[in-house]
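Understanding the architecture of this molecule
Here are the chains, one letter per residue:
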Amino acid sequence: MSNNIELALHEIKNNKMIIIANNANESDIPAIFCPANFIDVGKIDFCKKYSSGELYLLISQAFLTKFDEKSRCSILNNGLVSYKNKSSNDVYCDIKDAVVDFNADKASIKASQTDILKLPDVQNSCLEIVQFAGFEGAAVICELMDENGKMLRGDGLMEFAKKHGICVVSTDEIKRYKIANVPFIQRTASTNLPTDFGTMQMHVYQNPITKIEHIVMMSNSENRFTKGQKPLIRVHSECITSEVFFSKKCDCKQQLSNSMKKVIESGCGAVIYLRGQEGRGIGITNKIRAYSLQEEGFNTIDANKKLGLPVDARDFTDAVSILYDLQVEKFNLYTGNPNKGKFLNEYGFSFDIISPQVELNEHNNRYLHDKVEKMGHGLVFGN
Ligand SMILES: Nc1nc2c(ncn2[C@@H]2O[C@H](COP(=O)(O)OP(=O)(O)OP(=O)(O)O)[C@@H](O)[C@H]2O)c(=O)[nH]1
């Protein structure tokens, strides 16, 4: 999965430019770049010759604080550019004279948030990979446009890259690389926990950005999985109405207890219990508003829409990060939700689906049939 990124990192460190393209957003212009302190006249000439797109210095917000815009002088440790003082020992390469005018009015210096997990666009991804390669958050970047001002995409982009021997990476690959390689979710506590179904090992994980704490319940006193194991994995979203208050309107509690039982039976598995995902990610207030609309006749999909909210607002990135931490390779995924599988698939996981069996009652009948018929879930009904 990360071979392409490894190659790109190798190329970046070896003073080669790299192309980056956003595979999810067609309007995000692909770009060619190198770490700012590797820029030289040859690279600038190449960009000018083959692209009519904008060429600029891209810096991370964090790095911006080091950049003294007023004095028109960059203050990189190893010296990037000097606006005024060309003779400074700090100067690595004065790219102003070559092509870039660092006049702020012309917006040729851009700062990016570098939150690739939230916004995997070309700029953020560029700064991420430059930093993975061991450089500071600054890059010289050139939008790839042809002579008519049309962005290079698809086959045209690949042909260009092939012709000039340039490595191409996608924003998605960089995001996946980050999740897999940069410690993100942190395990904060562990204990044995006797449950109705048997004793399990409970691990608490925290997302350092959102501060949300998730729970992992493992089959026995395992800390992580070992090579060759194929655990049973359940990625479960919290549901306070059924799991705490015994609501009969949904199948969430059934799914939680069934998966805990199955994990214990299998002797090798984990339930990843995701908090902060109440109501398919819309929160408890909105979920209860949606329930109230359902009392008026709306189904589970239209109720969310009526509230102006997504039908499913969940993001399973935290689960992905936990799966990496658990050292899961191949697994059986206990789910009826095709989107969950699709999401995990995109991170290169290899798994087989096990469809959950759920019991119908008069209160959940419509909801569960809507999940199957309107949301494409693979549930097995039975008592
Ligand atoms: N908005 C909304 N959320 C609901 C409703 N019923 C249950 N939920 C939430 O749905 C989430 C679980 O999603 P489901 O679609 O039941 O199941 P899933 O996790 O997508 O799929 P499985 O892996 O098969 O269980 C939990 O966060 C529940 O709080 C409802 O009617 N409306």
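To be clear, the structure that these remarks concern was listed above.
It should be emphasised that the depicted structure is a prediction, and the values quoted were computed from it without experimental measurement.

1. A word on the side chain of Ser321
Within the secondary structure, Ser321 is located in helix H13 (residues 317-325). Relative accessible area serves as the criterion here: at 5%, Ser321 is assigned to the buried category. A distance of 3.4 Å separates the side chain of Ser321 from the backbone nitrogen of Ile185, its partner in a polar contact.

2. Quick notes on the site of the ligand
Around the ligand sit 26 residues, and of these Arg314, Thr335, Asn337, Lys340 and Lys371 come closest. The separation between an oxygen atom of the ligand and a polar side-chain atom of Thr335 is 2.5 Å. Take Lys371: an N or O atom from its side chain is 2.6 Å from an oxygen atom of the ligand. Taking 650 Å² as the accessible area of the ligand by itself, protein coverage stands at 99%. Mapped onto the shell around the ligand, the elements with two or more residues apiece are strand E10 (232-237), helix H9 (252-266), helix H10 (278-281), helix H11 (284-295), helix H12 (300-306) and helix H15 (365-373). Of the residues belonging to the shell around the ligand, the class tally is six nonpolar, 11 polar and nine charged.

3. A closer look at the pattern of salt bridges
Enumeration over the complete set of coordinates arrives at 11 salt bridges. In this structure, Asp172 engages Arg176 in a salt bridge whose closest nitrogen and oxygen atoms are separated by 3.3 Å. In this pair, Asp172 and Arg176 both sit in helix H7 (residues 171-181), four residues apart, roughly one turn of the helix. Asp172 sits in the partly exposed class, given a relative accessible area of 22%. A salt bridge links Arg224 to Asp325, with the shortest nitrogen-to-oxygen separation between them at 3.0 Å. With Arg224 in the loop between strand E9 (213-218) and E10 and Asp325 in helix H13, this pair connects stretches of sequence that are 101 residues apart. Its relative accessible area of 22% is what places Asp325 among the partly exposed residues.

4. Here we look at the state of the cysteines
Taken as a whole and judged by the stated rule, the model has zero disulfides. Of the cysteine sulfurs around Cys167, a residue in no disulfide, the closest is that of Cys126, at 13 Å. A relative accessible area of 7% means that Cys167 is categorised as buried. You can see Cys239 has no disulfide; the closest cysteine sulfur is in Cys250, sitting 3.7 Å from it.

5. Thoughts on H7
In terms of burial, H7 is largely enclosed, as eight of its 11 residues are buried. Buried within H7 we find Thr171, Glu173, Ile174, Lys175, Arg176, Tyr177, Lys178 and Ile179. Buried positions along H7 lie against helix H1 (3-13), strand E1 (18-21), helix H5 (122-132), strand E6 (168-170) and H13.

6. Some points on the packing of H7 against H13
Packed helices, taken two at a time, are described by the angle their axes make and the gap between the axes. Running from N to C, H7 and H13 cross one another at 50 degrees; their axes reach a closest spacing of 8 Å. Regarding the angle of H7 to H13, the classification is oblique. Residues Lys175, Ile179 and Ala180 of H7 touch H13, and the partners they reach there are Thr317, Val320, Ser321 and Tyr324. Tallied by class, residues from the contact of H7 with H13 come to four nonpolar, two polar and one charged.

7. Overview of a nonpolar patch on the surface
A surface patch of nonpolar side chains, about 440 Å² in accessible area, is lined by Ile240, Val244, Phe245, Ile284 and Ile288. Note that Ile240 resides in helix H8 (residues 240-243).

8. Considerations on the pairing of strand E11 (residues 269-274)
Across the six residues of E11, six count as buried, placing the element largely inside the fold. With burial as the criterion, each face of E11 is covered, one bearing Gly269, Val271 and Tyr273 and the other bearing Ala270, Ile272 and Leu274. The pairing of E9 with E11 spans four bridges and is antiparallel. In the sheet register, Val216 faces E11, and the bridge partner there is Ile272. Where E10 lies against E11, six bridges are found, and the strand directions are parallel. The residue bridging Ile233 from the neighbouring strand is Ala270, located in E11.

Rules used in this analysis
Residues numbered from 1 in each chain as written. Predicted model: local features only at pLDDT ≥ 70, side-chain atom pairs only at ≥ 80, totals over all residues. Heavy atoms only, no water. Helix = DSSP H or I, 4+ residues; strand = E, 2+ residues; numbered from the N terminus. Buried < 20%, exposed > 50% of the residue type's maximum accessible area, 1.4 Å probe, protein only. Polar contact = N/O pair within 3.5 Å; in protein donor to acceptor, adjacent residues only side chain to side chain. Near = heavy atom within 4 Å. Areas by Shrake-Rupley, 256 points an atom, 1.4 Å probe, with all protein chains shown as cover. Nonpolar A, V, L, I, M, F, W, Y, C, P; charged D, E, K, R; others polar. Salt bridge = Lys/Arg side-chain N within 4 Å of Asp/Glu carboxyl O. Disulfide = S-S within 2.5 Å. Contact = heavy atoms within 4.5 Å. Axes fitted to C-alpha atoms, helices over the stretch in contact; angles between N-to-C directions. Parallel < 35°, antiparallel > 145°, perpendicular 65-115°, else oblique. Patch = residues over 30% accessible without salt bridge, like charges linked within 9 Å, V, L, I, M, F, W, Y side chains within 5 Å. Pairing = 2+ DSSP bridges.

By themselves, these figures tell us nothing about what the structure is for.
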